[in-house]
Amino acid sequence: MPLTYSTLSEQNATTTNAIIDHYASSPEFLALSKCEGDGILQRDDEDASKLQKGIDIAKDKGVLDPDFVPEEYISIDVLGKSPGDVADEILGTVRKSEGLPLVVLCGLSGTGKGTTVATLQEKVEKEDKKQVVCWSNGNIFRSVTLLAVTWCEQQEDCDGFDPVKALTKENLASFMAMLEFGKFNGKFDTKISGLGLDLLISEVQNTELKVPKVSKNIPTVAEVTQGEVVLFASDAIKKMGEDGIFVLLEGREQTVNYVRTPLRFTLTLSDMSLIGKRRAAQRLAAGALAEVNEDVGEEAITKALDGQLAKMVKEAELDASPTWMEYITGGCLKGK
């Protein structure tokens, strides 16, 4: 596929595939891809470990059932498939099913979960004429964090955010009781009511819920509220499904396991090297697009991509300088 401005500007799977094909035999690109892939897998493992720790805490507190077993996942190998192909494969199963329209989607970073969710939403809205909601637990964690921080601000013996005092079992139960999911102003939303707060998430998700005092404390709060948020989300999703809304839930298995549905899919790649190649191609595409305009030809596009590749390689070599062959055969860039 030619590297035209049109292809580059799409910034989608077509773009990354074209770049991967173009640099198929480039040692520099293959090396950068390997390190991107290694970094992604390492971060995924770290995230999974942290999430599991939170789930274990919830089980110990009795918030989550330690003997809970989720429905089996349907594995889909996305190798060689477009986002539309993957979405059609999922919908082939979904449209034959009965019950609440809830689809859970998991998979390693780089397998195309976000793109698949967007494609599913578009297809369901256009082809099935259904309202679609893509649910994320992020704003619920932010809401609990806002309540915990606000509670500390109202305590005379708290100097700033004090997780030991704020995140007791009793306080967490109280904070969760201050969150209500339902229809407000004619649409589904989450209301925060308590400690002097009276807010709707849809109205404050880009303001109060993203102030520094909330953002910097989310990891601490999230670690001990996984169970509470999972149960809240499960109830909210059930309410939307019963109202006829098609719900798409993307996330890590550790948390989405606790949402009941037989429509569970996990995206895999039989060629794991593609995870790094896709990420490297995405970075090259974004960098090159910022340097060119719509009037340039394929030669200028290629030159911009080559420049981005050289730049990224140089930046990486600042940390270590093993040979490229070492990169490709098993080594990686230090710090990646």
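From a predicted model like this one, the values you see are computed outputs, not experimental measurements.

Quick notes on the rules
Residues numbered from 1 in each chain as written. Predicted model: local features only at pLDDT ≥ 70, side-chain atom pairs only at ≥ 80, totals over all residues. Heavy atoms only, no water. Helix = DSSP H or I, 4+ residues; strand = E, 2+ residues; numbered from the N terminus. Expected span 1.5 Å × (residues − 1). Buried < 20%, exposed > 50% of the residue type's maximum accessible area, 1.4 Å probe, protein only. Pairing = 2+ DSSP bridges. Axes fitted to C-alpha atoms, helices over the stretch in contact; angles between N-to-C directions. Contact = heavy atoms within 4.5 Å. Polar contact = N/O pair within 3.5 Å; in protein donor to acceptor, adjacent residues only side chain to side chain. Left-handed = near helix turned anticlockwise from the far one by under 90°. Nonpolar A, V, L, I, M, F, W, Y, C, P; charged D, E, K, R; others polar. 1 Å grid on protein atoms, 1.4 Å probe; cavity = no way out; pocket = protein on both sides within 12 Å on 5 of 7 lines; lining within 4 Å. Points joined across faces, edges and corners; volume = space filled by probe spheres on them.

## Points about helix 11 (residues 218-242)
The end-to-end C-alpha separation of helix 11 is 31 Å, well short of the 36 Å expected for 25 residues at 1.5 Å each. The first or second residue beyond helix 11 is Gly 244, which carries a positive phi of 90 degrees.

## Let's talk about the environment of Gly 287
Along the chain, Gly 287 turns up in helix 13 (residues 273-289). The exposure class of Gly 287 is buried, given its relative accessible area of 17%. Note: C-alpha distance between Gly 287 and Leu 305 (18 residues apart in sequence) is 7.7 Å.

## What about the sheet that holds strand 3 (residues 132-135)?
In spatial order, the strands read 1-8-2-7-3; together these 5 strands make up an open sheet with parallel pairing. Edge strands, defined here as strands with exactly one partner in the open sheet, are strand 1 (74-77) and strand 3. Shown here is a sheet whose adjacent strand axes are inclined to one another by a mean of 25 degrees, direction ignored. Strand direction decides the pairing type here: strand 3 and strand 7 (residues 246-250), joined by 4 bridges, are parallel. In the strand pairing of strand 7, Val 132 is matched with Phe 246. Lying on the sheet, helix 5 (residues 113-127) is in contact with strand 2 (102-107), strand 3, strand 7 and strand 8 (264-268); it crosses strand 7 at an angle near 175 degrees.

## A word on helix 2 (residues 13-22)
Of all the residues in helix 2, the buried ones are Thr 15, Thr 16, Ala 18, Ile 19 and Ile 20. Capping of helix 2 at its N-terminal end is provided by Asn 12; its side-chain oxygen lies 3.0 Å from the backbone amide nitrogen of Thr 14.

## Looking at the sheet that holds strand 6 (residues 197-200)
Spatially, 4-5-6 is the arrangement adopted by the 3 strands of the open sheet, whose pairing is antiparallel. On the outer flanks of this sheet lie strand 4 (179-184) and strand 6, each paired with one strand and no other. Strand-to-strand twist of the sheet, defined as the mean angle between neighbouring strand axes without regard to direction, takes the value 25 degrees. Here 6 bridges tie strand 4 to strand 5 (residues 187-194), and the two strands are oriented antiparallel to one another. Each residue of the ladder has a partner; that of Lys 183, found in strand 5, is Phe 188.

## Description of the packing of helix 4 (residues 83-94) against helix 5
Describing two packed helices takes the angle between their axes plus the distance from one axis to the other. Contact geometry of helix 4 with helix 5 gives a least axis separation of 9 Å together with a crossing angle of 65 degrees. Between helix 4 and helix 5 lies a crossing of right-handed hand. Across from Pro 83, Gly 84, Val 86, Ala 87, Asp 88, Ile 90 and Leu 91 in helix 4, the residues of helix 5 making contact are Thr 115, Thr 116, Thr 119, Leu 120, Lys 123 and Val 124. A per-class count over the contact of helix 4 with helix 5 returns 7 nonpolar, 4 polar and 2 charged.

## Here's the deal with the environment of Gln 11
Mapping Gln 11 onto the fold places it in the loop between helix 1 (5-10) and helix 2. Among the residues examined, Gln 11 registers a relative accessible area of 36% and is labelled partly exposed. Measuring from C-alpha to C-alpha, the distance between Gln 11 and Leu 289 comes to 8.8 Å, with 278 residues separating the pair along the chain. Apart from residues no more than four positions distant in its own chain, Gln 11 is found in contact with Ala 285, Ala 286 and Leu 289.

## Some remarks on empty space enclosed by the protein
Applying the stated criterion across every chain yields a total of 1 cavity of 30 Å³ or more. Its volume calculated, the largest cavity comes out at about 30 Å³. Looking at the largest cavity, the residues that line it are Asn 137, Val 230, Ala 233, Leu 249, Thr 255, Val 256 and Val 259. Split by residue class, the lining of the largest cavity holds 5 nonpolar, 2 polar and no charged.

All quantities given are derived from atomic positions and should not be read as evidence of function.
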